[in-house]
Amino acid sequence: MSSKKFSFFHHYLSLSDEDVIISYKGPMSDVIIHEISKEIQAKFAQDPKSGKKIYSIFMELAQNIFFYSSESTTLGGNTYRIGSIVLSQESDNYVLTAGNIVDKKWIPVLWDKCEMINSMDREALRKLKFEQKDTGEMSTENSKGAGIGLIQIALTSAQPISIEFRDINDNKSFFALSVSVKKNL
Amino acid sequence: MENLIIEGVKSTYFTPQVIFNAETGECSITGESYLEDTWDFYRPILGWLKQFAEEVKTPVNFTFDLTYYNTSSSKCFLDIVKQLKEYQDAGGSVVINWKHPEDDDDIREEAEDYKNFLNIDINIIPY
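In every chain, residue numbers begin from 1 and rise along the written sequence. Ligands are numbered from 1 and chains lettered from A, in the order in which they are written. Local features in this predicted model are restricted to residues whose pLDDT is 70 or higher, and side-chain atom pairs enter the listing and the counts only when it is 80 or higher, whereas totals over whole chains, interfaces and linings include all residues.

Enquirer: What is the right way to read the environment of D106 of chain B from this model?
Expert: Here a helix means four or more residues in a row that DSSP labels H or I, a strand means two or more in a row labelled E, and each is numbered from the N terminus. Along the chain, D106 of chain B falls in helix α3 (residues 105-118). Working definition of a contact: two residues with C-beta atoms, positioned from the backbone, lying within 7 Å. If we skip the residues at most four places from it in the chain, D106 of chain B touches S56, L155 and T156 of chain A.

So, in structure tokens, the structure goes:
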């Protein structure tokens, strides 16, 4: 097996392929979420309508990691869930990508949910969001709005969601979700 | 019945300002809503409205005036609107206003959906 040492050089090179605006990987604490959200607000002051969508989507993605990532670290007695969020830009779009480790049991659930969301038009998505809020229960596992969060992300971006899974071991997979927001809305 | 007043705070989390006046029936939730424990925050708010509908029974003029909220907060807004509809269906007088920044279609659509799917009147007011 090759050295376990993390190659910062490869990490740097792979991020350099994209036009990166913000990139974070690590414990997703509430303070980090707040600081990145402030940075987004500041950076998009000249493109406020797109900027607000990016802000809202970032908050949902960050909260998904905060509540549901199955990888965590303990620092100073507090446990933080780990994940990554990258905001980059292409010619016409901003792209938000979030990644974290999930238990494999969630793969079919997430996969079906995204397929369903991508197959629906806006009216149907709005109806689905309403129905899930109307019947959903609060404060049980995976009901802090995660399912509704994905629908809201699709509605806010108004573009398809793309997802990717990579097996880590028998029980865990890496899950990445990517969504675009048009520039200068 | 006592008024319910919660000051808005913007720090790591965002607490909206809540002013519920039991004498006038003027109620408002203003600002941004993103909380450490959403349900903990909104439970007493729903409790206040329930008590108002049972004990005070005078007209309610309820205003949502939010510039940002996360999806867990919006779940609680729906619970509030449903509670107001219940009061209306029981004979209470209810006016609901939903203010939104003019360029924010996502916040406007939220109110349109409550209006259409719950079949309740909401004044949607862009500013």
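After presenting the structure, the write-up continues.
Enquirer: Quick question: what am I supposed to make of α3 of chain B here?
Expert: Side chains of residues three or four places apart in an α-helix project in the same direction, reflecting 3.6 residues per turn. All names here are of chain B. Across its 14 residues, α3 extends 20 Å between first and last C-alpha, which sits within 8% of the 20 Å expected from 1.5 Å per residue. On its buried face, α3 sits against β6 (60-69), α2 (71-89), β7 (94-100) and β8 (123-126). A positive backbone phi angle near 60° is found at N119, which sits one or two residues after α3. Given a helix with a known number of residues, its expected span is that number minus one, times 1.5 Å.

Enquirer: How should the packing of helix α1 (residues 38-56) of chain B against α2 of chain B be read in this particular structure?
Expert: In a pair of packed helices, the angle between the axes and the distance between the axes together describe the arrangement. Residue and element names in this part refer to chain B. Where α1 meets α2, the closest approach of the two axes is 10 Å, and the angle between their N-to-C directions is 10°. Classified by the angle their axes make, α1 and α2 are roughly parallel. Touching T38, Y42, I45, L46, L49, K50 and A53 of α1 are S72, S73, C76, D79, I80, Q83 and Y87, all from α2. Throughout, the ten residues Ala, Val, Leu, Ile, Met, Phe, Trp, Tyr, Cys and Pro are labelled nonpolar, Asp, Glu, Lys and Arg are labelled charged, and all others, Gly among them, are labelled polar. Its residues assigned to classes, the contact of α1 with α2 comprises eight nonpolar, four polar and two charged. Each axis is a line fitted through C-alpha atoms, taken for helices only over the stretch in contact, and angles between the N-to-C directions span 0 to 180 degrees. In what follows, roughly perpendicular refers to angles from 65 to 115 degrees, roughly parallel to angles under 35, roughly antiparallel to angles over 145, and oblique to any angle outside these ranges.

Enquirer: What is the right way to read the packing of α2 of chain B against α3 of chain B from this model?
Expert: Residue and element names in this part refer to chain B. The contact between α2 and α3 brings their axes to 11 Å, and the two run at 40°. By the angle class used here, α2 and α3 are oblique. For the pair α2 and α3, the sense of crossing is right-handed. Seen from α2, the contacting residues are S74, L78, V81, K82 and K85; seen from α3, they are E110, Y114 and L118. Among the residues making up the contact of α2 with α3, the classes are represented as four nonpolar, one polar and three charged. In a left-handed crossing the near helix is turned counterclockwise from the far helix by less than a right angle, and in a right-handed crossing that turn is clockwise.

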